[in-house]
Amino acid sequence: MAINKIALSKAIQSIIRERKYSPVHNCHLIAALTQKILTIYRVESKIVGGHAIWRVNNFALSGVCARFFDGGKFRIDPFGVGSFFWVESNNCIVDYSTFWLPTKMAIIDRNYNNRKTLVMWRPDFIWMPKDKMLSWYDVTHGMKMGGHYRPEKGWNDKFVHRLEFTRKLFFNGDPEHDYHLPLISDLLEDTLQRYREFQ
């Protein structure tokens, strides 16, 4: 059964934005939601964990947003937790969280003396063959706009840990955090309904 990629993007964006979730703590939620919906529509997929980096313009060193951690030496995203999660399907990278890139860059800019980074590359989503993605060097040093995803072995446990962390925040209702996320099941029905509306 074919999936309408644009309608799925609109559905996920609208639900996530409506509920005002933080742009820096929900990659695992979006990946899980994406994978569940693809499974319902009989599209083979899996969740992958690792590091991700995106270049949003082609001229400034500051035009890079990353979610990775390298031995404690280099972390571009000050809110990075050392992990990022996405979906792979039929040898393609599938990431429906990239609509957050302008917001993520604005957050990073505020933490670097309120600099202003021009965001020229801001796809609503990525669904691209892995061999068409840019290399890590192209993004960091080659000034090429786009993204690179680097999986790490054994990160399924990290994903499970993130979901458990999410559950605890949601059920405990900790007022110190503004990024409470619901369980996947709480969002799945609403997102599916919105997906059908956008088709």
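Everything numeric in this text was worked out from a predicted model, so none of it was measured.

### Considerations on the confidence of the model for the chain
Then step 1. Put simply, the chain has an average pLDDT of 81, and 75% of its residues get 70 or more.
Then step 2. This stretch, residues 69–81, has a pLDDT under 50; its non-local contacts, to residues over four places away or in other chains, come to 26 contacts.
Then step 3. Taken as a whole, residues 170–181 scores under 50 in pLDDT and shows 21 contacts with residues more than four places along the chain or in a different chain.

### A few points about helix H2 (residues 27–40)
Then step 1. Compared with the 20 Å implied by 1.5 Å per residue over 14 residues, the 20 Å span of H2 between its first and last C-alpha is a close match.
Then step 2. Here H2 lies mainly inside the structure; 11 of its 14 residues are buried.
Then step 3. Within H2, the full set of buried residues consists of Cys27, His28, Leu29, Ile30, Ala31, Ala32, Leu33, Thr34, Gln35, Ile37 and Leu38.
Then step 4. Among the residues trailing H2, Arg42 stands out with phi positive, at a value near 60°.

### A few points about the nonpolar core
Then step 1. Ile3, Leu8, Ile16, Ile37, Trp54 and Tyr149 are the most contacted members of the largest nonpolar core, which has 47 residues in total.
Then step 2. Elements that contribute at least two residues to this core include exactly helix H1 (5–18), H2, strand S1 (46–55), strand S3 (84–89), strand S4 (92–95), helix H3 (101–110), strand S5 (126–129) and helix H6 (184–198).
Then step 3. Considering each element in turn, this core owes the most residues, eight residues, to H2.
Then step 4. Those residues in contact with Leu8 that lie beyond four places of it in its chain are Ile3, Ile37, Leu38, Tyr96 and Tyr195.
Then step 5. Grouped together as the second largest cluster of nonpolar side chains are six residues, Val64, Ala66, Trp136 and Val139 included.

### What about the packing of aromatic side chains?
Then step 1. Applying the stated criterion across every chain yields a total of nine aromatic pairs.
Then step 2. Ring plane angle 65° and centroid distance 5.1 Å describe the contact between Trp86 and Tyr149, whose orientation is recorded as edge-to-face. Taken together, the residues span a long stretch of sequence, with Trp86 in strand S3 and Tyr149 in strand S6 (residues 146–151) at a distance of 63 residues.
Then step 3. Among the residues examined, Trp86 registers a relative accessible area of 1% and is labelled buried.
Then step 4. Taken together, Trp54, Phe84, Trp86 and Tyr149 form an aromatic cluster joined through their ring pairs.
Then step 5. A cation over a ring is seen here: Arg17 above Trp100, with NZ or CZ 5.3 Å from the ring centre.
Then step 6. Its end group placed over the ring of Trp136, Arg150 keeps NZ or CZ at 4.1 Å from the ring centre.

### Details of the pattern of salt bridges
Then step 1. In this structure the tally under the stated criterion is six salt bridges.
Then step 2. Glu18 is the salt-bridge partner of Arg194, the closest N and O atoms lying 2.8 Å from each other. Of this pair, Arg194 sits in helix H6 while Glu18 sits in helix H1, and the two are 176 residues apart along the sequence.
Then step 3. For Glu18, a relative accessible area of 52% puts it in the exposed group.
Then step 4. Taking the shortest distance from any N to any O, the salt bridge between Arg194 and Glu197 comes out at 3.8 Å. Placement of both Arg194 and Glu197 in helix H6 is noted, with a separation of three residues, approximately one turn of the helix.
Then step 5. Classification of Arg194 by relative accessible area gives buried; the value is 18%.
Then step 6. A relative accessible area of 52% means that Glu197 is categorised as exposed.

### Notes on the packing of H2 against H6
Then step 1. At a closest axis distance of 10 Å, the pairing of H2 and H6 adopts a crossing angle of 55°. Between H2 and H6, the angle is such that the two are oblique. Viewed along their axes, H2 and H6 form a crossing whose handedness is right-handed. Here Leu29, Ala32, Leu33, Lys36, Ile37 and Ile40 of H2 come into contact with H6, specifically with Ile184, Leu187, Leu188, Thr191 and Leu192.
Then step 2. Within the contact of H2 with H6, the residues separate by chemical class into nine nonpolar, one polar and one charged.

Rules of the game
- Residues numbered from 1 in each chain as written.
- Predicted model: local features only at pLDDT ≥ 70, side-chain atom pairs only at ≥ 80, totals over all residues.
- Heavy atoms only, no water.
- pLDDT = per-residue confidence, 0-100.
- Contact = heavy atoms within 4.5 Å.
- Helix = DSSP H or I, 4+ residues; strand = E, 2+ residues; numbered from the N terminus.
- Expected span 1.5 Å × (residues − 1).
- Buried < 20%, exposed > 50% of the residue type's maximum accessible area, 1.4 Å probe, protein only.
- Core = buried A, V, L, I, M, F, W, Y, C linked by side-chain atoms within 4.5 Å.
- Phe/Tyr/Trp six-rings, centres within 6.5 Å; stacked < 30°, edge-to-face > 60°.
- Lys NZ or Arg CZ within 6 Å of the ring centre and 35° of its normal.
- Salt bridge = Lys/Arg side-chain N within 4 Å of Asp/Glu carboxyl O.
- Axes fitted to C-alpha atoms, helices over the stretch in contact; angles between N-to-C directions.
- Parallel < 35°, antiparallel > 145°, perpendicular 65-115°, else oblique.
- Left-handed = near helix turned anticlockwise from the far one by under 90°.
- Nonpolar A, V, L, I, M, F, W, Y, C, P; charged D, E, K, R; others polar.

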